Amino acid sequence: QVQLVESGGGLVQAGGSLRLSCAASGVIFEINTMGWYRQAPGKQRELVAIDTSGGATNYADSVKGRFTISRDNAKKTVSLQMNSLKPEDTAVYYCYALRRGWPVWGQGTQVTVSS
């Protein structure tokens, strides 16, 4: 079993910054991809940023240049530094991991950006 626990969400004003962190626990070996998704009210869950064990990263166009994903492969943790936040970034952010082809999701953490 694998558990993902997010932290760092909250309320921030537009232009501010937040750093989300996610820690994997339990059976953490053989985890490959880790990253972040988000889901805003009335919208489909979307990819924010992904980092594979091979070093490849992928960002949503809407966050490129503002968000940075970082990962500790040994500890199986992943963080998301969010700068220059906009109201449209408001969503529930979910940590994501892929272990042996099976997706694992965190419980989600609310990020609210006020104008």
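For the structure, check the block above.
Cut-off values and rules
- Residues numbered from 1 in each chain as written.
- Predicted model: local features only at pLDDT ≥ 70, side-chain atom pairs only at ≥ 80, totals over all residues.
- Heavy atoms only, no water.
- Helix = DSSP H or I, 4+ residues; strand = E, 2+ residues; numbered from the N terminus.
- Rg over C-alpha atoms; globule rule 2.2 N^0.38 Å.
- Buried < 20%, exposed > 50% of the residue type's maximum accessible area, 1.4 Å probe, protein only.
- Contact = heavy atoms within 4.5 Å.
- Areas by Shrake-Rupley, 256 points an atom, 1.4 Å probe, with all protein chains shown as cover.
- Lys, Arg positive; Asp, Glu negative; His and termini not counted.
- Charge placed at Lys NZ, Arg CZ, Asp CG, Glu CD.
- Salt bridge = Lys/Arg side-chain N within 4 Å of Asp/Glu carboxyl O.
- Disulfide = S-S within 2.5 Å.
- Polar contact = N/O pair within 3.5 Å; in protein donor to acceptor, adjacent residues only side chain to side chain.

Peer 1: A description of the overall build of the protein should follow, citing residues and the corresponding values.
Peer 2: When its secondary structure is counted, the protein shows 0 helices and 11 strands. What you see in the protein, going N to C, is helices and strands ordered as β-β-β-β-β-β-β-β-β-β-β. Against the compact-globule benchmark of 13 Å for 115 residues, the protein has a radius of gyration of 13 Å, which places it among compact chains. A principal-axis box enclosing the C-alpha atoms of the protein has dimensions of 40 × 25 × 25 Å. Counting every position in the protein, which comprises 115 residues, the buried fraction comes to 42%. Taking as baseline every contact in the protein between residues at least 6 positions apart, the subset at least 24 positions apart corresponds to 54%. Counting only carbon and sulfur atoms, one obtains 50% of the accessible surface of the protein, whose full area is about 6,000 Å². Each charge class in the protein can be summarised by its mean position, and for the 12 positive and 8 negative side chains these summaries are 2 Å apart.

Peer 1: How would you summarise the pattern of salt bridges if you had to cite specific residues and measurements?
Peer 2: Counting across every chain of the model gives 6 salt bridges. Two residues, Arg 38 and Asp 89, come together in a salt bridge whose shortest N-O distance is 3.0 Å. Here Arg 38 is found in strand 4 (residues 31-39), whereas its partner Asp 89 is found in the loop between strand 8 (77-82) and strand 9 (91-99), with 51 residues between them in sequence. Since its relative accessible area comes to 0%, Asp 89 is described here as buried. Between Arg 66 and Asp 89 there is a salt bridge, with its nearest N and O atoms 2.8 Å apart. A residue pair is termed long-range when its members are at least 10 positions apart, and Arg 66 in the loop between strand 6 (57-59) and strand 7 (67-72) and Asp 89 in the loop between strand 8 and strand 9 qualify at 23 residues. Neither residue differs from the other here; Arg 66 and Asp 89 are each classed as buried.

Peer 1: Describe the state of the cysteines, with residues and values.
Peer 2: Following the criterion strictly, the structure yields 1 disulfide and no others. Here Cys 22 pairs with Cys 95 through a disulfide, and the sulfurs are 1.9 Å apart. With the S-S bond torsion at -85 degrees, the cross-link from Cys 22 to Cys 95 turns out left-handed. Placement of the pair is Cys 22 in strand 3 (residues 18-26) and Cys 95 in strand 9, with a sequence separation of 73 residues. Grouping residues by exposure puts Cys 22 and Cys 95 together as buried.

Peer 1: Can you explain the side chain of Arg 71? Please cite residues and give values.
Peer 2: Counting through the fold element by element, Arg 71 comes out in strand 7. In terms of polar contacts, Arg 71 uses its side chain to reach the backbone carbonyl oxygen of Asp 51, at 2.4 Å.

Peer 1: Help me get a handle on unusual backbone geometry, residues and values and all.
Peer 2: Backbone geometry at Ser 84 places phi at a positive 50 degrees, although glycine is not the residue there. Tracing the sequence through the fold places Ser 84 in the loop between strand 8 and strand 9. A positive phi is found at Arg 100, a non-glycine position, where the angle reads about 50 degrees. Relative to the helices and strands, Arg 100 resides in the loop between strand 9 and strand 10 (102-105). Here Arg 100 falls in the exposed class, since its relative accessible area comes to 59%.

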